[in-house]
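Chain by chain, the residues run as shown.
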Amino acid sequence: MITPTVPFLSFQPQHGPIREEIMAAMGRVYDSYWYVLGEEVKKFEQAYCAFNQVTHTVGVANGLDALVLALRVLEIGPGDEVIVPSNTYIATWLAVTQVGATPVPVEPNIATSNLDPFRIAAALTPRTRAIMPVHLYGQACEMRPIMELADQHKLFVVEDNAQSQGATFDGQLTGSFGHVNGTSFYPGKNLGALGDAGAVTTNDATLDRKVRVLRNYGSQQKYYNEVVGYNSRLDELQAAVLEVKLRHLPEWTRQRQQVAAWYDLHLAGIADLRLPVVTTGATHVYHLYVVHTLKRNALQQYLAAQGISTMIHYPVPPHRQQAYSALLLPDGDFPIAEELAATCLSLPMYPGMTEAEVETVSFSIKDFLNTK
């Protein structure tokens, strides 16, 4: 096996410089003798509210739970339909299924890979209750037309903000548009914990209270349960780590955007290679830098042989997964999602990546595509 000369992801440039801060935070939790739903969770929730410009943040166990709880507090369930992107990680669809509702896929804008707001209206039925836009790869969806359509049809909006903390559309942060929204702090995310973690954001005090009850066994007071709830709580240790890392997120975002700018420069003009496109009004925080080529599989193999690690996000769209075979959505029903899945390739991207590393990746891509 070739040792990567350029890894797909490295935590060292992020974690190394803040090691003492992280260890101090973890030590503080250890010495507090309080490990679940304590002061560290409250502190992080308040800090994330300030960062995301929302009035309420509820820490939960992971990003999928965040979406499930968001749908639950909106009382979406059996018989209801939720508009979802045809091009997304399957967790978006799973959340809808887990509350008993039906995911109704809508195709993306092929240039951005994000949900196309102008295709949504055709998918609406009397059973539609909500729209779940996903800010994929780090780029904000076109939220103004989505919110206008939702208002027109009296639909809820639940943002899946797992990949785009800090991105904006028309100057407003993702995770602050929807009625109630979910995000993930999985370690590889732009803001990542040291394990699973997530959060729900909202500007509605009533929905905030309902999420807090649901995440804690349906209880506000211990041993007194109001509703059938979940055990989905952000623990003190992860909250303490996240609060430290949140302070550094703006600088890490700046570094990601610089890496993307280097890629844009060094990969410009290559035949059969489509680079990321940022739509008007949106910003991109580059959780991933995703290119598209018809020669994707061969290119990935070639880069691996050069010691360059890449990934595919995502090789199989949800409607073609065995898990959703019961929906009877055959191959060809969502050709844009299928084309994106067949051509997408995620290049190495992380804070601390150097221009020399970007040049190494770019040279290898040019070498392959210009000679094949």
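To be clear, the structure that these remarks concern was listed above.
Residues numbered from 1 in each chain as written. Predicted model: local features only at pLDDT ≥ 70, side-chain atom pairs only at ≥ 80, totals over all residues. Heavy atoms only, no water.

1. Some words on the sheet that holds strand 1 (residues 56-60)
The strand order across the open sheet formed by three strands is 1-9-8, and the pairing between neighbours is antiparallel. Every interior strand has two partners, whereas the edge strands, strand 1 and strand 8 (181-184), have only one. Between one strand and the next, the sheet's axes are offset by a mean angle of 25 degrees, whatever the strand orientation. Pairing of strand 1 with strand 9 (residues 198-202) involves five bridges; the strand directions are antiparallel. Within strand 9, the position partnered with His 56 by the bridge is Thr 202. Along the sheet face, helix 3 (residues 39-52) touches strand 1, strand 8 and strand 9 and points at about 130 degrees away from the line of strand 1. Contacts from helix 4 (residues 63-73) reach strand 1, strand 8 and strand 9 within the one sheet, and its direction differs from that of strand 8 by about 175 degrees. (Pairing = 2+ DSSP bridges. Helix = DSSP H or I, 4+ residues; strand = E, 2+ residues; numbered from the N terminus. Axes fitted to C-alpha atoms, helices over the stretch in contact; angles between N-to-C directions. Contact = heavy atoms within 4.5 Å.)

2. Focus: helix 3
With 14 residues, helix 3 extends 20 Å from end C-alpha to end C-alpha; this agrees with the ideal 20 Å at 1.5 Å per step. Along helix 3, the positions that sit buried rather than exposed are Glu 40, Val 41, Phe 44, Glu 45, Tyr 48, Cys 49, Phe 51 and Asn 52. Gln 53 lies just past helix 3 and shows a positive phi near 55 degrees. (Expected span 1.5 Å × (residues − 1). Buried < 20%, exposed > 50% of the residue type's maximum accessible area, 1.4 Å probe, protein only.)

3. Comments concerning the packing of helix 2 (residues 19-32) against helix 8 (residues 236-267)
Between two packed helices, the angle of one axis relative to the other and the distance separating the axes together describe the packing. Orientation of helix 2 relative to helix 8, taken along the N-to-C sense of each, is 150 degrees, at an axis distance of 9 Å. In terms of orientation, helix 2 lies roughly antiparallel with respect to helix 8. At the point where helix 2 passes helix 8, the crossing takes the right-handed sense. Every residue of helix 8 that contacts helix 2 at Glu 21, Ile 22, Ala 25, Met 26, Arg 28 and Val 29 is listed here: Glu 236, Leu 237, Ala 240, Val 241, Val 244, Lys 245, Arg 247 and His 248. Per-class residue counts for the contact of helix 2 with helix 8 are eight nonpolar, one polar and five charged. (Parallel < 35°, antiparallel > 145°, perpendicular 65-115°, else oblique. Left-handed = near helix turned anticlockwise from the far one by under 90°. Nonpolar A, V, L, I, M, F, W, Y, C, P; charged D, E, K, R; others polar.)

4. Some thoughts on the side chain of His 284
Turning to its location among the elements, His 284 is positioned in the loop between helix 8 and strand 12 (289-292). For His 284, a relative accessible area of 6% corresponds to the buried category. A polar contact of 2.9 Å, which involves the side chain of His 284, links it to the backbone nitrogen of Tyr 286. Setting aside its immediate chain neighbours within four residues, His 284 contacts Tyr 137, Gly 138, Gln 139, Gln 257 and Val 278. (Polar contact = N/O pair within 3.5 Å; in protein donor to acceptor, adjacent residues only side chain to side chain.)

5. Some points on the state of the cysteines
Chemically, a disulfide is nothing more than a covalent bond linking the sulfur atoms of two cysteines. Under the definition given, this model contains zero disulfides. Take Cys 141: it sits in no disulfide, and the sulfur closest to it among the cysteines is that of Cys 344, at 16 Å. Of the residues examined, Cys 141 reaches a relative accessible area of 0% and is grouped as buried. (Disulfide = S-S within 2.5 Å.)

6. As for the pattern of salt bridges
Throughout the structure, instances matching the rule amount to 14 salt bridges. Measuring nitrogen to oxygen at the nearest pair gives 3.3 Å for the salt bridge that ties Arg 119 to Asp 116. With a closest N to O distance of 3.7 Å, Glu 226 and Arg 209 form a salt bridge. One end of the pair, Glu 226, is in the loop between strand 11 (224-225) and helix 8; the other, Arg 209, is in helix 7 (residues 205-215), and 17 residues separate them in sequence. Arg 209 sits in the partly exposed class, given a relative accessible area of 37%. A single salt-bridge network, built from bridges that share partners, covers Glu 45, Asp 208, Arg 212 and Arg 215. (Salt bridge = Lys/Arg side-chain N within 4 Å of Asp/Glu carboxyl O.)

7. As for the pairing of strand 12
In strand 12, alternate side chains face the same way, and those of Tyr 289 and Val 291 on one face and Val 290 and His 292 on the other are all buried. Pairing of strand 12 with strand 13 (residues 344-347) involves four bridges; the strand directions are antiparallel. By the bridge assignment, Val 290 is partnered in strand 13 with Ser 346.

8. A closer look at the sheet that holds strand 3 (residues 102-106)
A sheet is described by the order of its strands in space; here four strands give the open sequence 3-2-4-5, paired in parallel fashion. Since the sheet does not close on itself, it has two edges, and those belong to strand 3 and strand 5 (156-157), each with one partner.

9. Points about the pairing of strand 9
With five of its five residues buried, strand 9 lies for the most part within the structure. Bridge analysis of strand 8 against strand 9 gives four bridges, and the strand direction is antiparallel. If you follow Thr 183 over to strand 9, its bridge partner there is Ala 199.

10. Considering the environment of Ile 146
Within the secondary structure, Ile 146 sits in helix 6 (residues 143-153). When the C-alpha atoms of Ile 146 and Leu 340 are compared, they prove to be 22 Å apart, with 194 residues separating the residues in sequence. Excluding residues within four positions of it along the chain, Ile 146 makes contact with Leu 115, Pro 117, Ile 120, Ile 131, Pro 133, Cys 141 and Val 157.

Interpretation in functional terms is not warranted from these geometric data alone.
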